Amino acid sequence: MQIRTIATAPYTDQKPGTSGLRKRVPVFQQARYLENFAQSIFDTIAAPPDATLVLGGDGRYYNREAIQIILKMAAANGFGRVLVGQGGILSTPAASCLIRKYRTHGGIILSASHNPGGPDGDFGIKYNTANGGPAPEKITDAIFAQSKKIAQYRIADAADVELDRTGDYEIGDMTVSVIDPVEAYAELMESLFDFAAIRALLASGFRIKFDAMHAVTGPYAREIFVNRLGAPADSIMNAVPLPDFGGGHPDPNLTYAHELVEVLYGDGAPDFGAASDGDGDRNMILGKHFFVTPSDSLAILAANAHLVPGYQQGLAGIARSMPTSAAADRVAKALGIPCYETPTGWKFFGNLMDAGKVTLCGEESFGTGSDHIREKDGLWAVLFWLNILAVRKQSVEAIVFEHWARFGRNVYSRHDYEDIPADAANGVMKLLQDRFAELRGAQFGHLRVKVCDDFSYTDPVDGSVSTGQGVRIIFTDDSRIVFRLSGTGTGGATLRIYLESFEPDVSKHHLDAQQALATLISIALQISELRKRTGREQPTVIT
Ligand code: G16
């Protein structure tokens, strides 16, 4: 096999965001673009000779082409073996599971998560380390630095590998093992949850609907819910992964998963609904005519973890991202365990989990997971809920209301303003930062500002510091408004406003969140001059 060293010139825009490098497909299709980034990863991680790598993606447009290129580059860079999901498919949690199970050097995941796919959609690539989690900032920063000075990449002259049949193939001295993408993951799920109890629940007439949104979880959901748990085949919708996700936006929230929402809010609705995103790490949980916010979901999973076999031994601690509501903090307090507040991005949970400080983690961005892997995990969250429902034999709504009655309700909402000009978005953030002094102590009706700052985080394990992680305006009653720019979009900027207040009064727990948060919403719009600066009257998405 001939290995070619090809001269290249750097691209200047290969800075990984919240979760890897995400760009439009045509950007990745430029000559040497993918190759430059992949080589920058290989140069940075400096894997020992004959190391093993996991490789797969969410099946979006350009997945297969990218896999063939990366396989040939891995062979040229001295890897001994690459484990690839059949058809190039691996959900992000399954990739994390495989890295850990086979103790590989790391893995490359091809996904732009919840962003749309297709020839004009998004593509993405990220590196996960040997613990199975997204590379921490010191590695992604080093990859970016390397991408700015790269001068050559290495690639093997070899034929494409047959990705659709499982088995071992050779590229020179490197073995490519094409494996079933579902099996190891399904086994891990079976080891954590009481499948017999869930099977009995489903056999009792409890109806579920899972929306795979034409993305990667279809085959996983079919194996787990239908084959292993006995759910009827029509419990799963949009279950065939398509390169363009059927033209949809595979983001499991009330706006983009509207097909599922209509089913769960319609006549004769099933008892439980859930959706996952492009790469299978996000989840949305619905009851009959009822939506569970991701922040509440984390708190409820934590409060009920003792009902689930994999977590019966207790939780070491909980972690949540800063913009996520403090509902989980209340549960942690009741359990007498620590609760950590990190910046947005799953990569910040890895150190805490590796150090045994936390068992459950969650984010308002529809991500929940545990230390069973080092990624958030959509189907895991669905199974956790089903396990709780099987034991408690109550409706989703009843479980949530009982939770609020015990802990109080952290009323929560996120307003997203998507695809606004970057200048306008940066202008809003700058204005807020310039106003810190003026806002501290300011009175808005009955609310007075207690803290106003830009969130920064010192990792308690390795001492690394991350600054500029979102503007917080916290009032004396602990209600708060957070402004943050998304780090996952590819077009313009997405400005997120996170709103939270606490309601201890049970008689007000049924109130609509938008109504309950109306005062905070109007303060947010006022102090940010958002409408004037962006020309937007309404958010694009409200969750
Ligand atoms: C990624 C990260 C998450 C993060 C989310 C939102 O999710 O893995 O940890 O919460 O982005 O990020 P942002 O608010 O910056 O858009 P995913 O599912 O896109 O990989």
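Not measured: the values here are computed from a predicted model.

A. Examining the environment of Arg24 more closely. With respect to the element layout, Arg24 can be found in strand β2 (residues 21–24). Judged by its relative accessible area of 35%, Arg24 is partly exposed. For the pair Arg24 and Gly124, spaced 100 residues apart in sequence, the C-alpha to C-alpha distance is 8.3 Å. Residue contacts for Arg24: discarding those within four places in its chain leaves Asp120, Gly121, Asp122, Thr490 and Gly491.

B. Structural view of the site of the ligand. The environment of the ligand is formed by 19 residues, the closest being Glu363, Ser365, Gly487, Thr488 and Arg496. Residue Trp346 places a main-chain N or O atom 2.7 Å away from an oxygen atom belonging to the ligand. Within the side chain of Ser486, a nitrogen or oxygen atom sits 2.7 Å from an oxygen atom of the ligand. For the ligand, whose accessible area on its own is 470 Å², the fraction buried by protein is 99%. Per-class residue counts for the shell around the ligand are one nonpolar, ten polar and eight charged.

C. Expanded view of the sheet that holds strand β26 (residues 493–503). Reading across the sheet, the seven strands line up as β20-β21-β24-β25-β26-β19-β27 and stay open at both edges, with antiparallel pairing between neighbours. At either end of the open sheet lies a strand with only one pairing partner, and these are β20 (443–444) and β27 (541–542). Where strand β19 (residues 409–420) meets β26, ten bridges bridge the pair, whose relative direction is antiparallel. What sits directly across from Asn410, in β26, is Phe502.

D. How the structure looks around the packing of helix α10 (residues 294–303) against helix α13 (residues 378–392). Relative orientation of the contacting elements α10 and α13 amounts to 55°, with a least axis distance of 11 Å. Judged by the angle between their axes, α10 and α13 are oblique. Note on packing geometry: the crossing formed by α10 with α13 is left-handed. Taken together, the residues of α13 that come into contact with α10 (itself represented by Ser297, Ile300 and Leu301) are Trp380, Phe384, Trp385 and Ile388. Across the contact of α10 with α13, the residue classes tally to six nonpolar, one polar and no charged.

E. Examining the state of the cysteines more closely. Counted according to the given criterion, the structure contains zero disulfides. Cys361 forms no disulfide, and the closest cysteine sulfur to it belongs to Cys339, at a distance of 9.6 Å.

F. Region of the structure containing the pairing of strand β18 (residues 367–370). Residues Gly367 and Gly369 line one face of β18 and the alternating positions Thr368 and Ser370 line the opposite face, and both faces are buried. The hairpin formed by strand β17 (residues 360–363) and β18 contains three residues between the paired strands, and Phe366 there has a positive phi angle of roughly 65°.

G. Representation of the sheet that holds β2 within the structure. Taken in spatial order, the seven strands make up an open sheet running β2-β6-β5-β3-β4-β9-β8, and their pairing is mixed. On the outer flanks of this sheet lie β2 and β8 (167–171), each paired with one strand and no other. Going from strand to strand, the sheet's axes swing by 20° on average, the running direction of each strand aside. Pairing of β8 with strand β9 (residues 174–179), which is carried by five bridges, proceeds in the antiparallel orientation. Looking at β9, one finds that Asp168 is bridged to Ser177. Packed on one face of the sheet, helix α3 (residues 63–76) meets β3 (52–57), β4 (81–89), β5 (106–110), β6 (122–128), β8 and β9 and runs near 170° to β4. Relative to β5, helix α4 (residues 92–101) is tilted by about 165°, and along the sheet it contacts β3, β5, β6 and β9.

H. Representation of the side chain of Asp459 within the structure. Mapped onto the elements of the fold, Asp459 is located in the loop between β22 (457–458) and β23 (465–466). This buried residue, Asp459, is left without a salt bridge; Lys138 holds the nearest opposite charge, at 8.3 Å. The residues touching Asp459, leaving out its near neighbours within four places in the chain, are Asn351 and Ser464.

About the cut-offs
Residues numbered from 1 in each chain as written. Predicted model: local features only at pLDDT ≥ 70, side-chain atom pairs only at ≥ 80, totals over all residues. Heavy atoms only, no water. Helix = DSSP H or I, 4+ residues; strand = E, 2+ residues; numbered from the N terminus. Buried < 20%, exposed > 50% of the residue type's maximum accessible area, 1.4 Å probe, protein only. Contact = heavy atoms within 4.5 Å. Near = heavy atom within 4 Å. Polar contact = N/O pair within 3.5 Å; in protein donor to acceptor, adjacent residues only side chain to side chain. Areas by Shrake-Rupley, 256 points an atom, 1.4 Å probe, with all protein chains shown as cover. Nonpolar A, V, L, I, M, F, W, Y, C, P; charged D, E, K, R; others polar. Pairing = 2+ DSSP bridges. Axes fitted to C-alpha atoms, helices over the stretch in contact; angles between N-to-C directions. Parallel < 35°, antiparallel > 145°, perpendicular 65-115°, else oblique. Left-handed = near helix turned anticlockwise from the far one by under 90°. Disulfide = S-S within 2.5 Å. Lys, Arg positive; Asp, Glu negative; His and termini not counted. Salt bridge = Lys/Arg side-chain N within 4 Å of Asp/Glu carboxyl O.

Functional significance is not addressed by these values, which are geometric in nature.
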